Amino acid sequence: MAAFIARRIAIFVLVLWGALTITFVLARVVPRNVAYVWAGFQGFKATPDVIKDVERKYHLDKSLGVQYALYIQDLVLGHWGASPISGNDVADDFGRYLPNTVELAVSSLVLAVVVGVPLGVLSARKRNSPLDHFGRILALLGVSAPSFLVGLILQLVFYFALGWIGDPGGRLSDSVTSLHPVSHMSGFLIIDCLMTRNTAALWDALRHMILPALTLSLPLVALMSRMTRASMLEELGQDYIRTARAKGMREVGVVYRHALRNALLPTTTVLGLSLGWLLTGSVVTEVVFYWPGIGRYAVSALLSFDFPAISAYTALAAVAFSGANLLCDMAYAFMDPRIRYG
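Residues numbered from 1 in each chain as written. Predicted model: local features only at pLDDT ≥ 70, side-chain atom pairs only at ≥ 80, totals over all residues. Heavy atoms only, no water.

**Student:** Looking at this structure, I do not really get the packing of helix 5 (residues 90-125) against helix 10 (residues 199-236). What am I missing?
**Tutor:** Helix packing geometry: the angle between the two helix axes and the distance between the axes. One can describe the packing of helix 5 onto helix 10 by two numbers: an axis separation of 6 Å at closest approach and a directional angle of 35 degrees. The way helix 5 lies across helix 10 gives a crossing that is right-handed. Across the contact of helix 5 with helix 10, the residue classes break down as 21 nonpolar, eight polar and three charged. (Axes fitted to C-alpha atoms, helices over the stretch in contact; angles between N-to-C directions. Helix = DSSP H or I, 4+ residues; strand = E, 2+ residues; numbered from the N terminus. Left-handed = near helix turned anticlockwise from the far one by under 90°. Nonpolar A, V, L, I, M, F, W, Y, C, P; charged D, E, K, R; others polar.)

Structure representation (structure tokens):
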């Protein structure tokens, strides 16, 4: 296991280097004169002198090889640099926006597991029943409906039509922010509300999280339910299941103790990839719900050619997907004792 983890870490470093290198090349090749763009965003008149000052400040006046060497050096030393657009340190921006995305991703993933896995198990046990047909329809909607459309429909129904949800944008209502301010201790709003027992802010934060979490979890519910159903149907037809039933084991034990454990291996792969996607692929949902997360921050960085922020976001995506795959591979060995890594 140790040798396997070492090899995967080496591959992870290689993937991270490749992603950052591609980002660097594209960022330097696509825009014609990025110094002119940055000078305009900083409120300066883009005169030749101002453009030269911006080029010197961000090493744009040096050769591409020197720029790349300085770029890798800063990343290795943990210096993500300052945003040429906002003037803030990129690490500080990530510390402000990333926790919001993590909370949304975790809540969406929990919702997808709680709904998708039981739905897949019940669909397999009651094959071709009304519940199974409902699972098919839900899966079809989940994989075909775009996220922005689902988010807008949820806002239209639950906010404008029914009025069950308050203002669906942002994290907290203005009234709650002024009357019940949250003491930021961990950076995670839900955890801070629990630690300080701020129930008013907690309830308001959860209400704001419901609709974006539903929007993000819908395609995952569809994928996990179908994957679990297919795996369960295969496992329920195996000889060891018939043997367990012949021995008089209760059906609940046969399904959930034996069949489900083996059926969850493919679902674990989907779960790991979903975690990486939720952390870096929630851009559309965050924009629709005006969620102050890292995805919306990345959109602003792309539109303004904010290279330090774009590089940090690329590194986050590589770490999220590679780390999730590594955790999945390690989980296989615990879930299936037949799997051994040399």
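**Student:** It is not clear to me how the environment of phenylalanine 24 should be interpreted in this structure. Could you clarify?
**Tutor:** By the secondary structure assignment, phenylalanine 24 is in helix 1 (residues 2-29). As for phenylalanine 24 and tyrosine 71, which are separated by 47 residues in sequence, their C-alpha atoms are 8.3 Å apart. When neighbours within four sequence positions are excluded, phenylalanine 24 is seen to be in contact with Leu64, Gln67, Tyr68 and Tyr71. (Contact = heavy atoms within 4.5 Å.)

**Student:** I would appreciate a short explanation of a nonpolar patch on the surface in the present structure.
**Tutor:** A surface patch of nonpolar side chains, about 990 Å² in accessible area, is lined by Phe148, Leu149, Leu152, Ile153, Leu156, Val157, Phe160, Leu162, Trp164 and Val284. The element contributing the most residues to the nonpolar patch is helix 7 (residues 147-161), with seven residues. Note that leucine 152 resides in helix 7. (Patch = residues over 30% accessible without salt bridge, like charges linked within 9 Å, V, L, I, M, F, W, Y side chains within 5 Å. Areas by Shrake-Rupley, 256 points an atom, 1.4 Å probe, with all protein chains shown as cover. Salt bridge = Lys/Arg side-chain N within 4 Å of Asp/Glu carboxyl O.)

**Student:** I tried to follow the side chain of aspartate 93 on my own but got confused; where do I start?
**Tutor:** Here aspartate 93 is to be found in helix 5. For aspartate 93, a relative accessible area of 1% gives the class buried. (Buried < 20%, exposed > 50% of the residue type's maximum accessible area, 1.4 Å probe, protein only.)

**Student:** How do you make sense of the pattern of salt bridges when you look at a structure like this?
**Tutor:** One side chain can pair with another of opposite charge once the charged atoms of both are near each other. Tallied over the full model, the rule gives six salt bridges. One salt bridge connects arginine 96 with aspartate 93, and the closest N-O pair in it is separated by 2.5 Å. Of the two residues, arginine 96 and aspartate 93 both sit in helix 5, three residues apart, roughly one turn of that helix. Between arginine 242 and aspartate 239 there is a salt bridge whose closest N-O contact spans 2.1 Å. Note that arginine 242 and aspartate 239 are positioned in helix 11 (residues 239-246) at a spacing of three residues, about one turn of the helix. A relative accessible area of 45% places arginine 242 in the partly exposed class. For aspartate 239, a relative accessible area of 52% puts it in the exposed group. It is possible to trace a salt-bridge network through shared partners that takes in Asp132, Arg136, Arg226 and Arg229.

**Student:** In this structure, what is going on with the environment of valine 15? I would like to understand it.
**Tutor:** Along the chain, valine 15 turns up in helix 1. Judged by relative accessible area, valine 15 falls into the partly exposed class, the value being 40%. The sequence separation of valine 15 and alanine 318 amounts to 303 residues, and the corresponding C-alpha distance is 7.0 Å.

**Student:** I would appreciate a short explanation of helix 7 in the present structure.
**Tutor:** Given 3.6 residues per turn, any residue in an α-helix points the same way as the ones three and four places further on. In this model helix 7 runs 20 Å from its N-terminal to its C-terminal C-alpha over 15 residues, within 8% of the 21 Å that 1.5 Å per residue would give. Among the residues of helix 7, Val150, Gly151, Leu154 and Gln155 are the ones counted as buried. Check the buried side of helix 7 and you find it contacts helix 10 and helix 13 (283-288). Where helix 7 terminates, the next one or two residues include glycine 163, which has phi positive at roughly 70 degrees. (Expected span 1.5 Å × (residues − 1).)

**Student:** Would you explain helix 9 (residues 189-196) in this entry?
**Tutor:** For helix 9, every residue scored as buried is listed here: Leu189, Ile190, Asp192 and Cys193. Buried residues of helix 9, seen end-on, are gathered within an arc of 165 degrees and therefore sit on one face of the element. Looking at the buried residues of helix 9, the elements they touch are helix 5 and helix 10. Just past helix 9, the residue arginine 197 takes up positive phi, approximately 55 degrees. (Arc of directions from axis to C-beta.)

**Student:** How should the packing of aromatic side chains be read in this particular structure?
**Tutor:** Each aromatic ring pair is specified by the distance between its two centres and by the angle formed by the two planes. The full count for this structure, using the stated rule, is six aromatic pairs. For the pair tyrosine 97 and tyrosine 297, a centre-to-centre distance of 5.1 Å together with 25 degrees between the ring planes defines the contact as stacked. Residue tyrosine 97 is located in helix 5, and its partner tyrosine 297 is located in helix 14 (residues 294-303); the two are separated by 200 residues in the primary sequence. Accessibility expressed as a relative area gives 23% for tyrosine 97, which makes it partly exposed. Note on tyrosine 297: relative accessible area 13%, which makes it buried. On the basis of an interplanar angle of 70 degrees and a centroid distance of 4.6 Å, the ring pair of tyrosine 159 and phenylalanine 160 is categorised as edge-to-face. Under the relative-accessibility criterion, tyrosine 159 is labelled partly exposed at 29%. In textbook terms, an aromatic cluster arises when at least three aromatic residues are bridged by ring pairs, as seen for Phe24, Tyr68 and Tyr71. (Phe/Tyr/Trp six-rings, centres within 6.5 Å; stacked < 30°, edge-to-face > 60°.)

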